[in-house]
Amino acid sequence: MRQTVPLCHLDDLADGSAKGFDPQHQGSDTVFIVRSGDKVFAYEDKCPHYRGQTSLPWRKDAYLDPFGETIVCAAHGAHFEIATGLCTAGPCLGESLTRVPLQIRDDGCVLAELNDNNVGGESP
Amino acid sequence: MNIIGPDALVFGVDDVEACSQYVTDYGLEPKGNGRFEALDGTAVIVLPKDDPTLPAPLATGTSLRKTVYGVADQQTLDAIAAELGKDREVKQLDDGSLEAVDDLGFVLGFQVTVRKALSLAAEVVNAPGSSALRPVNTVGVQKEASPKPRSLSHVVYFVPDFAKAEAFYADRLGFVTTDRFHHVGPFMRPAGTDDHHTLFFIQTPPHMQGIEHFTFHMGGPTEVMQAGTNMVNKGYQSFWGPGRHLFGSNWFWYFKSPFGCNMEYDADMDLHDDNWTARELPPGADNSQAFLFQYREKWAPMGPPPGK
């Protein structure tokens, strides 16, 4: 079952930054958004290494490298392309982050389409 | 070979400021020039990845650039130089240390150890029947505490060929295997320490070669819990723990870090000598730990007063 949940306003996301969210009140972030220019990308906060059993950042919202160019998992240094979620270096080379579809309303509200079964739980 | 254990880990990182803040919050003491020390003088050294004094990185881009071992004396250094000099370059650096590359490509340093002898009590617990108790009227725990890491405990490498790694450290440097996980790799200790392990290998594909985590010893399980809780309260994110490992018996709590590897606190690791026979188990959750917990915010079973 899918649900559409508001996460934030576009203005809350600075260009070149990332932010984590806990829309289903799991106690820790389960989804993160990266803003790159006019575009926003959202992924489940689960590294494909260890089949999604670890979240990525070493502290809240620390999803990007210091240059804002790539998504990094702090556990073992995996790098992921911001636009695709593809792992380009590190343990899960060639695997991808799980995309979370977003809707952006005219008023700038950013909503995520969440799957009850795979956000905050165990991925296959 | 009287190698005692790791004296320092040298990192080349993207974000020197974040990594420096991280190891300071972890409890190491900033000493300048990127050096952050535990109580006994063992250290993590944080430098920008393009620092010209750093050895070349592994092709995988791991942030660990050098593992520096402390040895007992000059005689041991001379023996290492003679042994490794048989088939590879051994550099003599200006500070008197040696530098060489192991059979997998990790850069190693060797120096007469900088470790200072510590005289600190371990955590003492009270239990019926035990003769080793805390003195009467001595309380066991403080509400607020910032325990300091005592000594660099161990480093774990992802390696493409653990058998080759084990053979190098055993045959050339005198390390002993204390335990092993099937098809994953051995826990090893050098001859100059009783610690269960200062080195552990995890078999991985070649593109992962590098550091998996590093660890400092704490004074006991309560220090692991309080230091880890302090990290959580500073916004750092737990990776695994707290819990207690089976091999080594060490209490553990791992945190993700801006080094692109995990950092662990450990305490109460087993000690072994040459009479120990290495155990071997399949890897997996059941054999990795006796138990595992997860942090939660402080809570107490407090409701409204009775009758209200």
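Residues numbered from 1 in each chain as written. Chains lettered and ligands numbered in written order. Predicted model: local features only at pLDDT ≥ 70, side-chain atom pairs only at ≥ 80, totals over all residues. Heavy atoms only, no water.

**Here we look at the overall build of chain B**
When helices and strands are tallied, chain B shows five helices and 18 strands. For a compact globule of 308 residues, the expected C-alpha radius of gyration is about 19 Å, and chain B comes in at 20 Å, within 12% of that figure. By principal-axis analysis of the C-alpha atoms, chain B measures approximately 80 × 45 × 40 Å. For chain B, the share of sequence-separated contacts (at least 6 apart) that also reach a separation of at least 24 residues comes to 70%. Of the roughly 14,500 Å² of accessible surface on chain B, a fraction of 53% belongs to carbon and sulfur atoms. Counting 25 positive and 39 negative side-chain charges, chain B places the centres of these two groups 6 Å from one another. (Helix = DSSP H or I, 4+ residues; strand = E, 2+ residues; numbered from the N terminus. Rg over C-alpha atoms; globule rule 2.2 N^0.38 Å. Contact = heavy atoms within 4.5 Å. Areas by Shrake-Rupley, 256 points an atom, 1.4 Å probe, with all protein chains shown as cover. Lys, Arg positive; Asp, Glu negative; His and termini not counted. Charge placed at Lys NZ, Arg CZ, Asp CG, Glu CD.)

**Brief notes about the interface of chain B and chain A**
The partner chain A presents 18 residues to the 18 residues of chain B that form the contact. Roughly 1,400 Å² of surface becomes buried between chain B and chain A when both sides are summed, with 61% attributable to carbon and sulfur atoms. Where chain B packs against chain A, one counts ten residue pairs in polar contact (both at pLDDT 80 or more). Split into classes, the residues belonging to the side of chain B that touches chain A amount to eight nonpolar, six polar and four charged. (Buried area = accessible area lost by both parts, 1.4 Å probe. Polar contact = N/O pair within 3.5 Å; in protein donor to acceptor, adjacent residues only side chain to side chain. Nonpolar A, V, L, I, M, F, W, Y, C, P; charged D, E, K, R; others polar.)

**Quick look at helix α3 (residues 162–171) of chain B**
Among all positions in α3(B), only Phe162(B), Ala165(B), Glu166(B), Phe168(B) and Tyr169(B) are buried. Viewed along the axis of α3(B), the buried residues span an arc of 160°, placing them on a single side of the element. (Buried < 20%, exposed > 50% of the residue type's maximum accessible area, 1.4 Å probe, protein only. Arc of directions from axis to C-beta.)

**Focus on the pattern of salt bridges**
Residue and element names in this part refer to chain B. In the structure shown here, the tally under the stated rule is 21 salt bridges over all chains. Notably, a salt bridge pairs Glu-37 with Arg-35, separated by 2.7 Å at the nearest N-O pair. Salt bridges sharing common partners tie together Glu-83, Lys-86, Asp-87, Arg-88, Asp-103 and Arg-172. (Salt bridge = Lys/Arg side-chain N within 4 Å of Asp/Glu carboxyl O.)

**With respect to the packing of aromatic side chains**
Applying the stated criterion across every chain yields a total of 31 aromatic pairs over all chains. Arranged with centres 5.9 Å apart and planes meeting at 20°, the rings of Trp58(A) and Tyr236(B) form a pair that is stacked. With Trp58(A) in the loop between β4 (39–44) and β5 (71–72) and Tyr236(B) in the loop between α4 (221–233) and β14 (238–245), the pair connects residues from two separate chains. Look at Tyr69(B) and Phe110(B): their rings are 6.1 Å apart centre to centre, the planes differ by 25°, and that puts the pair in the stacked class. Remark: Phe110(B) occurs in strand β8 (residues 107–112) and Tyr69(B) occurs in strand β5 (residues 64–71); sequence separation between them is 41 residues. According to the relative accessible area criterion, Phe110(B) is buried, its value standing at 1%. Site record: aromatic cluster; members linked through ring pairs are Tyr69(B), Phe106(B), Phe110(B), Tyr157(B), Phe168(B), Tyr169(B), Phe175(B) and Phe201(B). (Phe/Tyr/Trp six-rings, centres within 6.5 Å; stacked < 30°, edge-to-face > 60°.)

**Concerning the side chain of Asn250(B)**
All names here are of chain B. As for its placement among the helices and strands, Asn-250 is situated in the loop between β14 and β15 (251–256). Only 3.5 Å separates the side chain of Asn-250 from the side chain of Glu-264, close enough to count as a polar contact. Residue contacts for Asn-250: discarding those within four places in its chain leaves His-154, His-197, Gly-243, Arg-244, His-245, Glu-264, Asp-266, Ala-267, Asp-268 and Met-269.

**Thoughts on the sheet that holds β15(B)**
Residue and element names in this part refer to chain B. Spatial strand order, β17-β10-β11-β12-β9-β13-β16-β15-β14-β18: ten strands in an open sheet with mixed pairing. With partners counted over all chains shown, the strands left at the sheet margins are β17 (279–281) and β18 (289–292), one partner each. Each adjacent strand pair in this sheet contributes to an overall mean axis angle of 25°, direction not counted. With five bridges connecting them, strand β13 (residues 210–217) and strand β16 (residues 262–267) associate as parallel partners. Counterpart to Phe-216 in the pairing with β16 is Tyr-265. The strands touched by α4 are β14, β15 and β16; relative to β15, the strand with the most contacts, the crossing angle is about 15°. (Pairing = 2+ DSSP bridges. Axes fitted to C-alpha atoms, helices over the stretch in contact; angles between N-to-C directions.)

**Things to note about the side chain of His154(B)**
Residue and element names in this part refer to chain B. In this structure, His-154 sits in strand β9 (residues 151–159). Note on His-154: relative accessible area 1%, which makes it buried. In this structure the side chain of His-154 is engaged in a polar contact, spanning 3.1 Å, whose partner is the side chain of Thr-215. Sequence-distant contacts of His-154, that is, excluding residues within four places in its chain, are made with His-197, Thr-198, Leu-199, His-213, Phe-214, Thr-215, Asn-250, Glu-264, Asp-266 and Met-269.

**Some thoughts on the sheet that holds strand β3 (residues 35–37) of chain B**
Residue and element names in this part refer to chain B. Spatially, β2-β3-β4-β1-β5-β8-β7-β6 is the arrangement adopted by the eight strands of the open sheet, whose pairing is mixed. Looking at which strands have only one partner, the edges of the open sheet turn out to be β2 (29–32) and β6 (91–92). When strand β7 (residues 98–101) meets β8, the two strands line up antiparallel, connected through four bridges. For Glu-99, the partnering residue across the bridge sits in β8 and is Gly-109. Contacts between helix α1 (residues 16–26) and the sheet are confined to β1 (3–13), β2, β3 and β4 (43–48), with β4 contributing the most and set at about 165° to the helix. The strands touched by helix α2 (residues 74–84) are β1, β5, β7 and β8; relative to β8, the strand with the most contacts, the crossing angle is about 150°.

**Here we look at the layout of surface pockets**
A volume near 850 Å³ is recorded for the second largest pocket. What lines the second largest pocket is a set of 38 residues, and nearest its centre among them are Val72(A), His79(A), Asp14(B), Pro258(B) and Gly260(B). Sorting the residues of the lining of the second largest pocket by element identifies β1 and β13 of chain B as the ones contributing at least two each. When its residues are assigned to classes, the lining of the second largest pocket shows 17 nonpolar, 14 polar and seven charged. (1 Å grid on protein atoms, 1.4 Å probe; cavity = no way out; pocket = protein on both sides within 12 Å on 5 of 7 lines; lining within 4 Å. Points joined across faces, edges and corners; volume = space filled by probe spheres on them.)

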